[in-house]
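# Overview (structure and organization)
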Amino acid sequence: MNGGDEVVAAPAGPPNPLEWKFSQVFGERTAGEEVQEVDIISAIEFDKSGDHLATGDRGGRVVLFERTDTKDAGGSRRDRERMDYSISRHPEFRYKTEFQSHEPEFDYLKSLEIEEKINKIRWCQTANGALFLLSTNDKTIKFWKVQEKKIKKISEMNVDPSKAMGNGSIGSSSSSRAYLANGGAPDRSHNNLSNDYSFPPGGIPSLKLPVVVSSQETSLLARCRRVYAHAHDYHINSISNNSDGETFISADDLRINLWNLEISNQSFNIVDVKPANMEDLTEVITSAEFHPTHCNTLAYSSSKGSIRLVDLRQSALCDSHTKLFEEQEAPGSRSFFTEIIASISDIKFGKDGRYILSRDYMTLKLWDINMDSGPVATFQVHEYLRPKLCDLYENDSIFDKFECCLSGDGLRIATGSYSNLFRVFGCALGSAEATTLEASKNPMRRQVPTSTPRQRSLGNSITRVVRRGTEAPGVDANGNSFDFTTKLLHLAWHPTENSIACAAANSLYMYYA
């Protein structure tokens, strides 16, 4: 700029809708194959770098995948730039390792079976090339370290390894020898020693002790470093790492506890919504998450559809919130199902911590933490199911807990649905993006025309919008009825790229755009 003239950039329009393509599938089912209950995926999580992906299943296993396309590129960054290396390659992953995180247990005091199912996985900061993660079932949280260990081998033996077998005896085709009853041999001459070991001519001048050396071969070892147990009376629904890298929270229906990663026998109760008389209980905690950059701030959602922001600096017990986010009920709209479908199943902070995304049974809502009067945008996901709420209540589908996620750039959001469908919405100014995809090798085959949303801003404007998703009366684009037994509950967005991993029963599907 010269002479004080400012160059004002023209306002950019909304980004174009993404065209999603199939990338990979792990654990694909063959036609007619029955899915084992223990193999159904119950948790998905990318690490902060996006180079590793973890899944947990109902059998208590944690499976790790590592990204391969960045490693295969090879060379330094300068070399790749010189080769005009395209950074638009989509993420590709391969199986890395798996381990048994939790086993089924039995609480004898309460006569209660504790499932091994993994409820949540959260990655921790890496150190010295090792990966660290937290996994939890209903009651117990575990801190795992996964590290490559060099395989150690024994060398510098006196015995010639080419002639030794098993426990040191050499193979021999000579006729069988006579043995005494106590296991000894009748002939114990010096020459018989050569039947057990191969000695060089003239004997051994000195005895060499075996030396253990590390080879170039490596194997992955998962080790449980700490177990955080006996702190929750109710089922754990959330764990979340703090940005300070030292603490994390765990939440059940009525309490949120604060832990230090280094201390497993002590936690601090920071939120307790349990009333003195349980008959007065009106709402429970459904999800909790730390702010991505402010270590003193966390948010938790409730079964009444509200989100509370808590500041840990205010008091030791944070029962009083700093901000309350809830949408006012429309007059005359209350019904038997109102509270059930208002219950928030998942909340996620945006990368910069400015926005919170929440998922209830019918909608996705985007909240600005600076504006507690209501959501800045509402995205209809299950509006077509409103006439079927009675049936969904009868078969318990109305209590399904769908997760949600945001893209790393904050321009899009995603959540799952029935018939193994998931939905991607654009949330930038003026965006009309509302895509329905199927967790299969042909994700775009169930496209349905969607209505155009009203424009709005996510800046300081208090304008709100309701975005319509796919609104078919119980059928998809091909006329197939929706299948409420196949539901896509768990999905995760890559932290830096437009790539989504989602779980359809025991299969992990990955897509890119």
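About the cut-offs
- Residues numbered from 1 in each chain as written.
- Predicted model: local features only at pLDDT ≥ 70, side-chain atom pairs only at ≥ 80, totals over all residues.
- Heavy atoms only, no water.
- Helix = DSSP H or I, 4+ residues; strand = E, 2+ residues; numbered from the N terminus.
- Buried < 20%, exposed > 50% of the residue type's maximum accessible area, 1.4 Å probe, protein only.
- Pairing = 2+ DSSP bridges.
- Axes fitted to C-alpha atoms, helices over the stretch in contact; angles between N-to-C directions.
- Salt bridge = Lys/Arg side-chain N within 4 Å of Asp/Glu carboxyl O.
- pLDDT = per-residue confidence, 0-100.
- Contact = heavy atoms within 4.5 Å.
- Core = buried A, V, L, I, M, F, W, Y, C linked by side-chain atoms within 4.5 Å.
- Patch = residues over 30% accessible without salt bridge, like charges linked within 9 Å, V, L, I, M, F, W, Y side chains within 5 Å.
- Areas by Shrake-Rupley, 256 points an atom, 1.4 Å probe, with all protein chains shown as cover.
- Lys, Arg positive; Asp, Glu negative; His and termini not counted.
- Charge placed at Lys NZ, Arg CZ, Asp CG, Glu CD.
- Phe/Tyr/Trp six-rings, centres within 6.5 Å; stacked < 30°, edge-to-face > 60°.

So, about unusual backbone geometry. At His 230, a position not held by glycine, the phi torsion is positive, near 60°. Along the chain, the position of His 230 falls in the loop between strand E11 (211–228) and strand E12 (238–241). Judged by relative accessible area, His 230 falls into the exposed class, the value being 83%. The phi torsion at Asp 396 lies on the positive side, around 70°, for a residue other than glycine. Secondary-structure assignment places Asp 396 in the loop between helix H4 (389–394) and strand E24 (404–406). With a relative accessible area of 46%, Asp 396 lands in the partly exposed category.

Another point: the sheet that holds strand E31 (residues 507–512). Spatially, the four strands line up as an open sheet ordered E1-E31-E30-E29, and their pairing is antiparallel. Only two strands of the sheet have a single neighbouring strand rather than two, namely strand E1 (21–26) and strand E29 (491–493). Along the sheet, successive strands turn relative to each other by an average axial angle of 20°, direction set aside. Across three bridges, E29 lies against strand E30 (residues 499–504) in antiparallel orientation. For Trp 493, the partnering residue across the bridge sits in E30 and is Ile 500.

Tallied over the entire structure, the rule returns 25 salt bridges. One salt bridge in this structure joins Asp 69 and Arg 67, with 2.7 Å as the shortest N-O distance. For the pair formed by Asp 69 and Arg 67, the shared burial category is buried. With a shortest N-O distance of 2.8 Å, Arg 354 and Asp 368 are connected by a salt bridge.

When pLDDT is averaged along the protein, the result is 82; 77% of the residues meet or exceed 70. Confidence over residues 163–185 falls short of pLDDT 50; this stretch has 24 contacts with residues more than four positions distant or in other chains. Contacts of residues 449–464 to residues separated by more than four positions or lying in other chains number 40 contacts, the stretch itself having pLDDT below 50.

This paragraph deals with the sheet that holds strand E13 (residues 247–251). Ordered in space as E12-E13-E14-E15, the four strands form an open sheet in which the pairing is antiparallel. Lying at the two open borders of the sheet, with one neighbouring strand each, are E12 and strand E15 (263–272). Taken over all neighbouring pairs, the strand axes of this sheet differ in orientation by 25° on average, direction set aside. As judged from the six bridges shared by strand E14 (residues 255–260) and E15, these two strands associate in the antiparallel manner. Looking at the pairing, Asn 260 lines up with Ile 263 of E15.

With 17 residues, the main nonpolar core has Trp 20, Phe 422, Val 424, Leu 491, Ile 500 and Cys 502 as its most contacted residues. Elements represented by at least two residues in this core include exactly strand E26 (421–426), E29, E30 and E31. Top element by residues in this core is E30. It accounts for three residues.

Residues Lys 149, Lys 152, Arg 223 and Arg 225 make up a contiguous surface patch of positive charge. For the positive patch, the secondary structure elements donating two or more residues are strand E10 (141–155) and E11. Residue position: Arg 223 is located in strand E11. Since its relative accessible area comes to 45%, Arg 223 is described here as partly exposed.

On to the packing of aromatic side chains, then. The description of two aromatic rings rests on the distance between their centres and on the angle between their planes. Across all of its chains, the model carries 23 aromatic pairs by this definition. Seen in terms of ring centroids, Phe 422 and Tyr 511 are 5.6 Å apart; in terms of plane orientation they differ by 40°. Their pairing is tilted. Taken together, the residues Phe 422 in strand E26 and Tyr 511 in strand E31 connect sequence positions 89 residues apart. Of the two residues, Phe 422 and Tyr 511, both sit in the buried class. Here the aromatic residues Phe 22, Phe 422, Tyr 509 and Tyr 511 are joined through ring pairs into a cluster of three or more.

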